[in-house]
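# Residue-level structure breakdown
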Amino acid sequence: MPEIRNSAFPEGTMNEKLRELRDKWSEEIPERIITSLSKPNTFKIRINWFQSLVGVLADGIEKGRISDPRVKEEAEKFMSKVVSDEWAKRLTTAEGIQMGNRIIDLVLGEQR
C-alpha cells in the first residue's frame with residue numbers, strides 16, 4: 001500500500017499511525033487499572049487504543065486509502081464489532097487485542 005499522507009493525522013501517514021498502534025503500544029494486560037494519567041498509559045487494553053484504531057480505519061475507508069474490497073469489508077466488520085454496545089460492556093481481552101493487530105496487518109499487507 002502506498003504511503004499516502006493522512007490529513008486526520010498530520011504527524012505521519014496512515015501506515016505510520018497503524019504501525020505505531022501495533023508496535024508502540026504494549027500488549028501487556030496489567031493488574032492495575034490504567035487511565036490516561038497512568039505512566040505509562042500506552043496499553044492496547046485501553047479503550048483509547050481501540051478508538052484510535054477505529055478512527056484511523058474509518059478515515060482510511062472514507063478517503064479511499066483502504067480500497068481493496070476484502071480489506072475494506074474486514075475493517076468494517078472489525079469497526080462494527082468494536083463500537084457495538086456488546087463490546088462496550090465487556091473487558092478487553094488478549095483475543096480482542098489480537099483482532100486489532102490482525103486488522104492492522106491486513107490493512108498494511110504485512111504478515112507477522
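For clarity, every value in this text was computed on a predicted model and none was experimentally measured.

### Here we look at the overall build of the protein chain
- The number of helices and strands found in the protein chain is 5 helices and 0 strands.
- Along the protein chain, helices (α) and strands (β) appear in the sequence α-α-α-α-α when read from the amino end.
- A buried classification covers 41% of the 112 residues belonging to the protein chain.
- At a minimum sequence separation of 6, the contacts of the protein chain that also span at least 24 residues come to 55%.

### Quick look at the environment of I66
- In this fold, I66 is placed in the loop between helix 2 (47-62) and helix 3 (69-82).
- Residue classification places I66 among the buried positions, given a relative accessible area of 2%.
- Spatially, the C-alpha atoms of I66 and M14 are 9.9 Å apart, while their sequence positions differ by 52 residues.

### With respect to the packing of helix 2 against helix 3
- Running from N to C, helix 2 and helix 3 point in directions that differ by 140°, and their axes come no closer than 10 Å. Once helix 2 is placed against helix 3, the crossing between them reads as left-handed. Seen from helix 2, the contacting residues are F50, L53, V54, L57, A58 and I61; seen from helix 3, they are K72, A75, E76, F78, M79 and V82.

### Some points on the confidence of the model for the protein chain
- When the pLDDT values of the protein chain are averaged, the result is 85; 88% of them are 70 or greater.
- Confidence drops under a pLDDT of 50 for residues 1-11, and excluding neighbours within four residues, the segment shows 32 contacts in the predicted structure.

Reading the values: the criteria
Residues numbered from 1 in each chain as written. Predicted model: local features only at pLDDT ≥ 70, side-chain atom pairs only at ≥ 80, totals over all residues. Heavy atoms only, no water. Helix = DSSP H or I, 4+ residues; strand = E, 2+ residues; numbered from the N terminus. Buried < 20%, exposed > 50% of the residue type's maximum accessible area, 1.4 Å probe, protein only. Contact = heavy atoms within 4.5 Å. Axes fitted to C-alpha atoms, helices over the stretch in contact; angles between N-to-C directions. Left-handed = near helix turned anticlockwise from the far one by under 90°. pLDDT = per-residue confidence, 0-100.

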